[in-house]
Amino acid sequence: METNNSKVLLIYTGGTIGMIKDYQTGALRAFEFDNLYKRIPELSHLDCQISVHSFEKVIDSSDMNPRHWVAIAEVIEKEYTNYDGFVVLHGSDTMSYSASALSFMLEGLSKPVIFTGSQLPIGDLRTDAKENLITSIQLAALKEEGQSVIREVGLYFEYKLYRGNRTTKVNAERFQAFTSPNYPLLVESGVHLKVMKENLFKPKPHTILKVWKEFEQKVAILKMFPGITPQLLNAFFSIEGLKGVVLETYGSGNAPTDEWFLECLRKAIGKGIHIVNVTQCSGGSVIMGKYAASEALKTMGIIDGKDITTESAITKMMILLKKNISPNLFKIKFEESIVGEV
Ligand code: ASP
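The text that follows walks through the structure, step by step, so that each part is easy to find. Treat the numbers as computed from the prediction; the structure is a model and nothing was measured.

Turning our attention to helix H2 (residues 66–79). With 14 residues, H2 should cover 20 Å at 1.5 Å per step; its first-to-last C-alpha distance of 20 Å lies within 8% of that length. Of the positions making up H2, those classed as buried are Pro66, His68, Trp69, Val70, Ile72, Ala73, Val75, Ile76 and Glu79. Among the residues of H2, the N-terminal cap falls to Asn65, whose side-chain oxygen and the backbone nitrogen of Arg67 are separated by 2.8 Å.

Below, the structure is given as structure tokens:
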């Protein structure tokens, strides 16, 4: 595997990774990625060419929304044939949502798109930003027999490359901020880059990139908790125009068996609202029908989220709802894997 002569485009959207501490005032300010080589001279030791595309207005990733996802995807679409790989520098807070969204938007992707960020600013003495950035660039540049090794949307953080749509942020202060509870690592970085080839996504040969840009935003996430009331549930499902709900249930997909609860869900489905069952556990899968407490959900036609993450489920839902497919097909499509998310 080699990286020589690869061309990598860095797309800088914002987040901690792009910050540098002004040691005189102590304040954090945005780092100019256009001067990347001056700031991180180590980059010149990488045998690949790096260019930077910086968003005009860089953001904290708490401000991310579908318009930004489209903006990221459009840069990739425009530059797709000019580069071998892409690194998206992004705040860690919503990185799993963005990586999931992009994995569904970039249909037919056969080059690496690596999301990364950091817990400490790039100018901080103990920063994790440099390692995350340098290894992400290497991963985006990695080729074998002239073909990209990684051909999917990944997320690299703290020595590990994960499938982006399988990740979730689990820690606000540890360098190991992400995990992929239901899918193994793609690459582990140590003295060497250890690529787990068997875990990589294998796109169909000769695919052409097609970018999906429409999102249905009339969606919501509802997390179950003991003591949830009929008032709350009825008010929630009365939201004007609501089209889809990711229902975070207990354990392997279980929910209350009270008749008022089931009736409210039945009514919502009757109104055409798509409901997906995902587990609020950090690992494992929904298995509808395993317990009596999920049997009724299965019978009424609730969609089985299996082992999908909430981040992936909500972004997949936003996209599938814009595909104008019948409720039956929606359920079938949601339950099968598009890009390795279930
Ligand atoms: N609040 C920051 C963001 O998500 C945190 C980070 O970059 O890690 O943009």
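In this section: the sheet that holds strand S17 (residues 219–223). A sheet is described by the order of its strands in space; here four strands give the open sequence S17-S18-S19-S20, paired in parallel fashion. What marks the edges here is a single partner per strand, and that holds for S17 and strand S20 (303–304). In the sheet, S17 pairs with strand S18 (residues 244–249) via five bridges, with the strands oriented parallel. The residue bridging Ala220 from the neighbouring strand is Val245, located in S18. Running over the sheet, helix H8 (residues 310–320) touches S17, S18 and strand S19 (274–279) and is turned about 165° from S18.

Contacts to the ligand come from Gly15, Thr16, Asp60, Ser61, Gly91, Ser92, Asp93 and Ser118. Contact distances for the ligand include 3.3 Å between an oxygen atom and a backbone N or O atom of Ser118. Protein chains bury 89% of the 270 Å² of accessible surface belonging to the ligand in isolation. Residues of the shell around the ligand, tallied by class, amount to no nonpolar, six polar and two charged.

Centre distance and the angle of the planes are the two values used to describe a pair of aromatic rings. Summed over all chains, the structure comprises seven aromatic pairs. A centroid spacing of 5.2 Å and a plane angle of 80° characterise the contact between Phe236 and Phe237, whose relative ring orientation is edge-to-face. Taken together, the ring pairs in this structure connect Tyr80, Tyr83 and Phe86 into an aromatic cluster. Note that Lys111 overlies the ring of Tyr80, its terminal NZ or CZ placed 4.8 Å from the centroid.

Here strand S1 (residues 6–14) lies mainly inside the structure; eight of its nine residues are buried. Alignment of S1 against strand S4 (residues 48–59), held across eight bridges, turns out to be parallel. Following the sheet pairing, Ile11 is matched in S4 by His53. When S1 meets strand S5 (residues 85–89), the two strands line up parallel, connected through five bridges.

Quick notes on the rules
- Residues numbered from 1 in each chain as written.
- Predicted model: local features only at pLDDT ≥ 70, side-chain atom pairs only at ≥ 80, totals over all residues.
- Heavy atoms only, no water.
- Helix = DSSP H or I, 4+ residues; strand = E, 2+ residues; numbered from the N terminus.
- Expected span 1.5 Å × (residues − 1).
- Buried < 20%, exposed > 50% of the residue type's maximum accessible area, 1.4 Å probe, protein only.
- Polar contact = N/O pair within 3.5 Å; in protein donor to acceptor, adjacent residues only side chain to side chain.
- Pairing = 2+ DSSP bridges.
- Contact = heavy atoms within 4.5 Å.
- Axes fitted to C-alpha atoms, helices over the stretch in contact; angles between N-to-C directions.
- Near = heavy atom within 4 Å.
- Areas by Shrake-Rupley, 256 points an atom, 1.4 Å probe, with all protein chains shown as cover.
- Nonpolar A, V, L, I, M, F, W, Y, C, P; charged D, E, K, R; others polar.
- Phe/Tyr/Trp six-rings, centres within 6.5 Å; stacked < 30°, edge-to-face > 60°.
- Lys NZ or Arg CZ within 6 Å of the ring centre and 35° of its normal.

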